[in-house]
Amino acid sequence: MKNYKLTLSYDGTRYRGWQKQGNTQNTIQQKLETALSRILEQPVDVNGSGRTDAGAHAKMQVASFRTASDMPPEEILKKLRAVLPEDIAALTLSAAPDRFHARLSCVGKTYLYRVYNSPVQNVFERKFVYHINEELDLDAMKSAAAVLLGTHDFSAFCSNKRMKKSAVRRVDEIRIECAGPSIEFFVSGNGFLYNMVRIIIGTLIDVGAHRLTAADVAAVLDSRCRENAGHTAPACGLFLYEVYY
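Visitor: Help me understand the overall build of the protein chain, please; the structure alone is not making it clear to me.
Guide: Broken down by element type, the protein chain carries five helices and 10 strands. Here the C-alpha radius of gyration of the protein chain, 19 Å, is about what a compact globule of 245 residues would show, namely 18 Å. Taking all 245 residues of the protein chain together, the buried fraction comes to 50%. Contacts spanning at least 24 positions in sequence make up 71% of the contacts within the protein chain whose residues lie at least 6 apart. For the protein chain, the exposed area adds up to about 12100 Å²; of that, 49% sits on carbon and sulfur atoms. With 31 positive and 26 negative side-chain charges, the protein chain shows a separation of 7 Å between the mean positions of the two kinds.

Visitor: What exactly am I supposed to notice about the nonpolar core here?
Guide: If you look at soluble globular proteins, the nonpolar side chains tend to sit buried side by side. In this structure, Leu-6, Leu-8, Phe-65, Val-115, Phe-157 and Phe-185 are the most contacted members of the largest nonpolar core, which totals 74 residues. Not counting residues within four places of it along the chain, the set of residues in contact with Phe-185 comprises Tyr-111, Leu-112, Tyr-113, Val-115, Met-141, Arg-175, Ile-176, Ile-201 and Leu-204.

Visitor: I tried to follow the packing of aromatic side chains on my own but got confused; where do I start?
Guide: A ring pair, where both rings are aromatic, is described by two values, the distance of the centres and the angle of the planes. Here the structure, examined in full by the defined rule, presents eight aromatic pairs. Between Tyr-111 and Phe-192, the aromatic rings sit 5.3 Å apart at their centres with planes inclined by 85 degrees, giving edge-to-face as the arrangement. Residue Tyr-111 is found in strand E5 (residues 108-117), and its partner Phe-192 is found in the loop between strand E9 (182-189) and helix H4 (196-208); the two are separated by 81 residues along the sequence. Considering the side-chain rings of Tyr-113 and Tyr-130, the 6.4 Å spacing of their centres and the 90 degrees angle between planes classify their relative orientation as edge-to-face. You can see Tyr-113 sitting in strand E5 and its partner Tyr-130 sitting in strand E6 (residues 130-132), a full 17 residues away along the chain.

What counts as what
Residues numbered from 1 in each chain as written. Predicted model: local features only at pLDDT ≥ 70, side-chain atom pairs only at ≥ 80, totals over all residues. Heavy atoms only, no water. Helix = DSSP H or I, 4+ residues; strand = E, 2+ residues; numbered from the N terminus. Rg over C-alpha atoms; globule rule 2.2 N^0.38 Å. Buried < 20%, exposed > 50% of the residue type's maximum accessible area, 1.4 Å probe, protein only. Contact = heavy atoms within 4.5 Å. Areas by Shrake-Rupley, 256 points an atom, 1.4 Å probe, with all protein chains shown as cover. Lys, Arg positive; Asp, Glu negative; His and termini not counted. Charge placed at Lys NZ, Arg CZ, Asp CG, Glu CD. Core = buried A, V, L, I, M, F, W, Y, C linked by side-chain atoms within 4.5 Å. Phe/Tyr/Trp six-rings, centres within 6.5 Å; stacked < 30°, edge-to-face > 60°.

Structure, rendered in structure tokens:
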């Protein structure tokens, strides 16, 4: 069996997320598996670097799969590009070491979250930004972001109340860049809990709107209680930006 590494990007607006589900065919993973199984004329299981939420996007997602087919990777890629829907793009396909696994081999990720901070709606970007009317305090958000850096128990920033695994994760960087009304948050770390990035962003936005302070964020982190953190920012502004191996 040959092992392959696939990189792709997608607009997740109309999908139910990355992971295939029993009650719908409308997921990124399902679309890829269906396409590759037809191209290679054999069942193909695709593993992603991680799940993206319903409505979230990816500038760079990484997937891996195995096949007994002798079809060259460049031909597989050409055929895959021809059959995927217009909101999923196959970027690269290459042979991978036998032990490579898109999720298990991953050592870190960066997510991008985009906010449009203006009283005027951005009609052309509305599916890819979180539109906020009230003015946000950039310096306050940067101060609060610094509190979250390092290795912590991020239970307060996870929507899965029944999770039994460790909630300890390491956040390496939260970079906030502003250009006019556009604010971009880059969040990098070794792994993320369910909705963790979106809750971090929602909490920082609450700080930027002066509903919370940096000291409040530190207390939220220590509390390990989801109810103490800010709101969950909508999925439309979230992009899986880069995956590291």
